[in-house]
Amino acid sequence: MRACRRQEVPHTPVWYMRQAGRSLPEYLKVREGVPMLTACATPDLIVEITMQPVRRYGVDAAIFFSDIVVPLKAIGVDLDIKPGVGPVVADPIRDRAGLDALRPLEPGDVPYVTEAIEALVGELGDTPLIGFAGAPFTLGSYLIEGGPSKNHDRTKAMMYGEPELWHALMDRLAGIVLEHLRLQIAAGASAVQLFDSWVGAVAAEDYREFVLPHTRRIFAGLEELGVPRIHFGVGTGELLGLLGESGADVVGVDWRVPLDEAARRVGPGKALQGNLDPAILLAPWEVVERKAREVLRRGAAAEGHVFNLGHGVLPSTDPDQLKRLTDLIHTS
Ligand code: CP3
């Protein structure tokens with residue numbers, strides 16, 4: 001929390017995106033026979049899975065176990081998370097009628113989120129809990145494409161070809177996301193991260209026109225709640241300044257841009273989060289150590305630095321590597 005606020009810290013804090021997930025044997029065990037979205041709606045499982053990496057690694061923050069599509073499912077969107085694929089939507093949104101079916105989110109729609117966060121805050125003690133949501137562009141991409149997409153073709157077709165419908169969809173999603181983040185903070189989340197994982201597909205000038213107004217609204221709507229706001233996307237080297245302009249306190253950086261250069265692009269008044277390439281964890285420890293020290297060295301150029309990977313933990317990662325990495329960051 002102090003690093004997010006650009007205050008002095010005794011050591012660089014560290015957590016990992018997707019730390020609660022498929023690389024942990026204890027995760028695979030509790031998930032046996034339980035579909036992903038069932039797990040995300042079961043408070044006991046949410047609490048247990050969120051705690052697993054905190055217990056094992058001693059990371060400085062817990063990330064709430066859920067998924068970006070959970071609020072969409074909660075308002076009645078017919079979707080599922082298919083193993084090895086990702087979110088799949090039965091009736092993709094392609095027109096006004098599709099948009100009209102997306103109703104606003106109310107706190108009562110996700111009682112299991114509130115319940116799990118309240119329980120976690122008690123269990124975590126001094127360790128902060130990071131709540132999260134998917135950003136309108138990334139959620140919109142799943143809703144428009146109907147599933148994961150390499151080129152986001154239909155998404156961009158709507159963005160460029162039907163700008164009015166696009167902005168109406170982004171606006172509707174921004175409202176849902178804002179409510180979802182607010183209710184997580186109200187339940188006790190100490191910080192929030194807005195994942196715009198796929199927004200790196202958009203050129204900077206189009207980001208400014210088609211995406212920025214909506215993320216701005218979300219971050220502005222969280223301002224009065226006073227918790228650090230983290231914003232992350234993959235392949236966003238050309239967008240880093242704009243991600244900061246959206247109103248985030250912390251800009252998450254993938255592995256493509258070194259943190260000293262990222263600090264220059266983001267400008268003053270922001271902390272950075274990142275950015276070891278998750279694939280480096282598959283190399284021998286000596287390589288991990290050398291590369292992690294390099295991330296720390298360059299991260300020192302930022303006004304605040306939260307160590308993380310440049311994207312999520314890969315399922316084949318050896319948890320012992322993450323344990324050693326966490327210890328290295330804490331003692332460096
Ligand atoms: O530890 C954490 O970071 C918290 C949990 C978390 C999950 N999803 C759990 C999950 C978070 C923060 C997310 C966010 C999420 N979900 C994003 C944004 C972050 C990112 O990685 O860019 C996105 C794009 C999604 C959509 C999604 N959900 C994908 C692409 C997948 C993977 C599909 C696959 O199997 O390859 C999911 C499923 C998912 N979400 C899993 C987990 C642990 C795996 C499902 C399983 O264990 O069966």
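What counts and how
- Residues numbered from 1 in each chain as written.
- Predicted model: local features only at pLDDT ≥ 70, side-chain atom pairs only at ≥ 80, totals over all residues.
- Heavy atoms only, no water.
- Phe/Tyr/Trp six-rings, centres within 6.5 Å; stacked < 30°, edge-to-face > 60°.
- Helix = DSSP H or I, 4+ residues; strand = E, 2+ residues; numbered from the N terminus.
- Buried < 20%, exposed > 50% of the residue type's maximum accessible area, 1.4 Å probe, protein only.
- Core = buried A, V, L, I, M, F, W, Y, C linked by side-chain atoms within 4.5 Å.
- Contact = heavy atoms within 4.5 Å.
- Axes fitted to C-alpha atoms, helices over the stretch in contact; angles between N-to-C directions.
- Parallel < 35°, antiparallel > 145°, perpendicular 65-115°, else oblique.
- Left-handed = near helix turned anticlockwise from the far one by under 90°.
- Nonpolar A, V, L, I, M, F, W, Y, C, P; charged D, E, K, R; others polar.
- Salt bridge = Lys/Arg side-chain N within 4 Å of Asp/Glu carboxyl O.
- Pairing = 2+ DSSP bridges.
- Right-handed = clockwise from strand over helix to strand, strands pointing away.
- Near = heavy atom within 4 Å.
- Polar contact = N/O pair within 3.5 Å; in protein donor to acceptor, adjacent residues only side chain to side chain.
- Areas by Shrake-Rupley, 256 points an atom, 1.4 Å probe, with all protein chains shown as cover.

A. Fine view of the packing of aromatic side chains. Applying the stated rule across the entire model yields six aromatic pairs. Where F195 meets F232, the ring centres are 6.2 Å apart and the plane angle is 85 degrees; that geometry is what we call edge-to-face. Placement of F195 in strand β5 (residues 191–195) and of F232 in strand β6 (residues 229–232) is noted, with a sequence separation of 37 residues between them. Across the pair, F232 and F195 agree in class, each one buried. Site record: aromatic cluster; members linked through ring pairs are F132, F195 and F232.

B. Structural context of the nonpolar core. In this structure, F307 and L325 are the most contacted members of the largest nonpolar core, which totals 122 residues. The element that contributes the greatest number of residues to this core is helix α9 (residues 163–187), accounting for 14 residues. In contact with F307, other than residues within four places in its own chain, are T12, P13, V14, W15, Y16, G274, L276, A292, V295, L296, L325 and I329.

C. How the structure looks around the packing of α9 against helix α11 (residues 212–222). The interhelical angle for the contact between α9 and α11, taken along N-to-C directions, is 25 degrees, at an axis separation of 9 Å. As the angle between them shows, α9 and α11 are arranged roughly parallel. By crossing handedness, the relation of α9 to α11 is classed as right-handed. Along its contact with α9, which presents H167, M170, D171, A174, G175, V177, L178, L181, R182 and I185, the element α11 presents H214, R217, I218, G221 and L222. In terms of residue class, the contact of α9 with α11 is made up of eight nonpolar, four polar and three charged.

D. Representation of the pattern of salt bridges. Counted under the stated rule, the structure contains 18 salt bridges. R264 is the partner of E261 in a salt bridge, and the nearest nitrogen-oxygen pair spans 2.8 Å. Of this pair, E261 and R264 both sit in helix α13 (residues 259–266), separated by three residues, roughly a single helical turn. We classify R264 as exposed; its relative accessible area is 60%. Between K323 and D327 there is a salt bridge, with its nearest N and O atoms 3.2 Å apart. Remark: D327 and K323 occur in helix α15 (residues 319–331); sequence separation between them is four residues, near one turn of the helix. Connected through salt bridges with shared partners, the residues D260, E294, R297 and R298 form a single ionic network.

E. Here's a closer look at the pairing of β6. A two-sided burial pattern is seen for β6, the buried positions comprising R229 and H231 on one face and I230 and F232 on the other. One ladder, built from four bridges, connects β5 with β6; its direction is parallel. Looking at β6, one finds that Q193 is bridged to I230. Following the backbone out of β6, through helix α12 (residues 240–245) and into the adjacent parallel strand β7 (residues 250–252), one traces a crossover that is right-handed.

F. Layout of the side chain of S141. Mapped onto the secondary structure, S141 falls in helix α7 (residues 136–145). Since its relative accessible area comes to 1%, S141 is described here as buried. Leaving out residues up to four positions away in the same chain, S141 has contacts with G146, G147, H152 and T155.

G. Representation of the site of the ligand within the structure. In the vicinity of the ligand there are 26 residues, among which R18, Y27, D67, S197 and H311 approach most closely. Between an oxygen atom of the ligand and a main-chain N or O atom of Q19, the distance comes to 3.2 Å. Residue R31 places a side-chain N or O atom 2.9 Å away from an oxygen atom belonging to the ligand. Alone, the ligand offers 880 Å² of accessible surface; in the complex the protein occludes 92% of this. Looking at side-chain class alone, the shell around the ligand contains 16 nonpolar, six polar and four charged residues.

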